[in-house]
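Given next are the chains, with one letter for each unit.
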Amino acid sequence: MAKFRILALDGGGIRGLLTAIMLGKIEAASPGFLSKVDLIAGTSTGGILALGLAAGRTPDQLKNLYLKKGKKIFDDSWIDNIVDLGNLIGAKYSLDNLETAAKQELGNLRLKDLKKKVLLCAFDLDNKDGKTGVNDPDPTRLRQWKPKFFHNFSGTDEKDHDLLAYKVCLYTSAAPTYFPSADGYIDGGVVASNPSMAALAQALDPRNRFDPPATRPTLDDITLLSLGTGTVLQFIESGPNNDVDWGQAQWVQPLISLMLDGVTGVADFQCKQLLNQRYRRLAPVFPANFKMDMDEVGKMPDLVKFGETPAMQTTINDVAAWLQQQW
């Protein structure tokens, strides 16, 4: 059985509702699996779920959070549309409603107060503490944009511990074009929409302090369950006689989805290669005619229906069998 268990949760906006549904079904099929998790990693909507679980929320409570507050979070008023010229010069939604919901759920909890180890992926647009001198031998000290991974592991790097959890929720979820940046951070999906590999790296960080030291995991000790938000079948028709000769205006919208899906696939490949049978990925494929953007709250009933299909239950049972062997 595993010595260190990681649960990694993808980004995907309102489709995080499906992740919450799957978590509830897995827990029902394999009671206690969540209580055994050592590290919960999340990006964007997966970060919201990770923080909620680490704060003691159940999958059903998180499911209801999406159902009850999803429409409010993705609320695009006509006044905002006028100010933003139909979102041409401003984010589609304000962060205010997401902040209110996050604060209601997480209160004044700080990362160090959470019941589980967490890793939340974001992207820092401006490392203001960095130096501007180009001759600094340590490039990590230069002022630049770069990925940021918030965590509450004990060790030499504990500067995140006192951060309010609801604030980190905003940092990991501020998806470009959908929300404005939050304190200079944007959605971690631009670098790690699937946080599995980032979680694996954090678990193996030699700076981590474990008590007792014998509980420090090695690669062979780790088992990882990765949950997506459902796979939407997308493609750009092309081929030997149909090259895609697009410019900036044509690429900008599909490039966002392409980038997120591409990053997700890279982490999946890497974890498969490193962990073999100790890694499982669950990202059920939607029907070919099903399309859903990350803010389409009107399709939440479709997600609930998809989560209740016999095929989904069969998949959940397979995951439960894997957990029995590996978890």
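Residues numbered from 1 in each chain as written. Predicted model: local features only at pLDDT ≥ 70, side-chain atom pairs only at ≥ 80, totals over all residues. Heavy atoms only, no water.

**Considerations on the overall build of the protein**
In terms of regular secondary structure, the protein is built from 11 helices and 7 strands. For the protein, restricting intrachain contacts to residue pairs at least 6 apart in sequence, the fraction spanning at least 24 positions comes to 77%. For the protein, the exposed area adds up to about 16,300 Å²; of that, 54% sits on carbon and sulfur atoms. (Helix = DSSP H or I, 4+ residues; strand = E, 2+ residues; numbered from the N terminus. Contact = heavy atoms within 4.5 Å. Areas by Shrake-Rupley, 256 points an atom, 1.4 Å probe, with all protein chains shown as cover.)

**Description of the pairing of strand 6 (residues 222-227)**
Across the 6 residues that make up strand 6, a large majority, 6, are buried. In strand 6, alternate side chains face the same way, and those of I222, L224 and S226 on one face and T223, L225 and L227 on the other are all buried. The sheet contact formed by strand 1 (residues 4-9) and strand 6 spans 6 bridges and is parallel. Directly across from F4, in strand 6, lies its bridge partner I222. Of the pairings in the sheet, the one linking strand 6 to strand 7 (residues 279-282) comprises 4 bridges and is parallel in character. Residue pairing in the sheet places L227 in a bridge with L282 of strand 7. (Buried < 20%, exposed > 50% of the residue type's maximum accessible area, 1.4 Å probe, protein only. Pairing = 2+ DSSP bridges.)

**Describing the pattern of salt bridges**
Between side chains of opposite charge, a pair can form when the charged atoms approach closely. Summed over the entire model, instances satisfying the criterion amount to 14 salt bridges. Of the charged contacts in the structure, one is a salt bridge between R207 and D205, with a shortest N-O distance of 2.9 Å. Among the ionic pairs, D268 bridges to K272, the shortest N-O distance being 3.5 Å. On the criterion of helical spacing, the pair formed by D268 and K272 is a turn pair, its members being 4 residues apart in helix 9 (residues 248-275). K272 sits in the partly exposed class, given a relative accessible area of 45%. In this structure, a network of salt bridges that share partners links the residues R57, K69 and E105. (Salt bridge = Lys/Arg side-chain N within 4 Å of Asp/Glu carboxyl O.)

**Quick word on helix 10 (residues 300-307)**
For helix 10, the full list of buried residues reads M300, L303, F306 and G307. The buried side chains of helix 10 occupy one side of the element, clustering within an arc of 120° when seen end-on. Turned more than 90 degrees off the buried face of helix 10, the exposed positions are P301 and K305. Looking at the buried positions of helix 10, the neighbouring elements they touch are helix 1 (16-29), helix 3 (59-73) and helix 11 (310-326). (Arc of directions from axis to C-beta.)

**Quick word on the packing of aromatic side chains**
Applying the stated criterion across every chain yields a total of 12 aromatic pairs. Both rings, one in F286 and one in F290, keep their centres 4.6 Å apart while their planes meet at 40°; by these two values the pair is tilted. Ring centres of W322 and W327 lie 6.1 Å apart, and the angle between their planes is 50°; on these two criteria the pair is classed as tilted. Here W322 matches W327 in class, with each residue buried. Through a chain of ring-to-ring contacts, the aromatic side chains of F33, W322 and W327 assemble into a single cluster. When the ring centre of F150 is taken as reference, the NZ or CZ atom of K148 above it lies at 5.0 Å. Across from the ring centre of F290, 5.5 Å away, lies the NZ or CZ of K299, which sits over that ring. (Phe/Tyr/Trp six-rings, centres within 6.5 Å; stacked < 30°, edge-to-face > 60°. Lys NZ or Arg CZ within 6 Å of the ring centre and 35° of its normal.)

**With respect to the side chain of H151**
With respect to the helices and strands, the residue H151 is situated in strand 4 (residues 146-151). From its side chain, H151 meets the backbone nitrogen of F153 in a polar contact 3.0 Å long. Contacts of H151, omitting those with residues within four sequence positions, involve L111, V118, L119, D157, D160, H161 and Q202. (Polar contact = N/O pair within 3.5 Å; in protein donor to acceptor, adjacent residues only side chain to side chain.)

**Thoughts on the nonpolar core**
Counting 68 residues, the largest nonpolar core has L7, L9, I26 and L225 as its most contacted members. In terms of residue count, helix 1 provides more of this core than any other element does, 7 residues in total. Once residues lying within four places of it in the same chain are set aside, the contact partners of L7 are L23, L34, V37, L39, I40, A41, L53, L225 and L227. The next biggest cluster of nonpolar side chains, apart from the first, holds 19 residues, and it includes F4, A8, L39 and L275. (Core = buried A, V, L, I, M, F, W, Y, C linked by side-chain atoms within 4.5 Å.)

**Some words on the confidence of the model for the protein**
Mean pLDDT over the protein: 88, with 88% of residues reaching 70 or higher. Of the regions scoring below 50 in pLDDT, residues 77-88 engages in 12 contacts with residues more than four places distant in sequence or in other chains. (pLDDT = per-residue confidence, 0-100.)

**Regarding the environment of D124**
Tracing the backbone shows D124 in strand 3 (residues 117-124). The buried category is assigned to D124, whose relative accessible area is 12%. Along the backbone, D124 and T172 are 48 residues apart, and their C-alpha atoms lie at a distance of 10.0 Å. A polar side-chain atom of D124 sits 3.1 Å from the main-chain amide nitrogen of D126.

**Side note on the side chain of T223**
Take T223: it is sitting in strand 6. A distance of 3.3 Å separates a polar atom in the side chain of T223 from the backbone oxygen of Q326.

**Observations regarding the pairing of strand 1**
Here strand 1 lies mainly inside the structure; 6 of its 6 residues are buried. By the alternation rule, side chains of strand 1 split into F4, I6 and A8 and R5, L7 and L9, which are all buried. The sheet contact formed by strand 1 and strand 2 (residues 39-43) spans 4 bridges and is parallel. The residue bridging L7 from the neighbouring strand is I40, located in strand 2. Taken together, strand 1, helix 1 and strand 2 form a β-α-β motif whose crossover is right-handed. (Right-handed = clockwise from strand over helix to strand, strands pointing away.)

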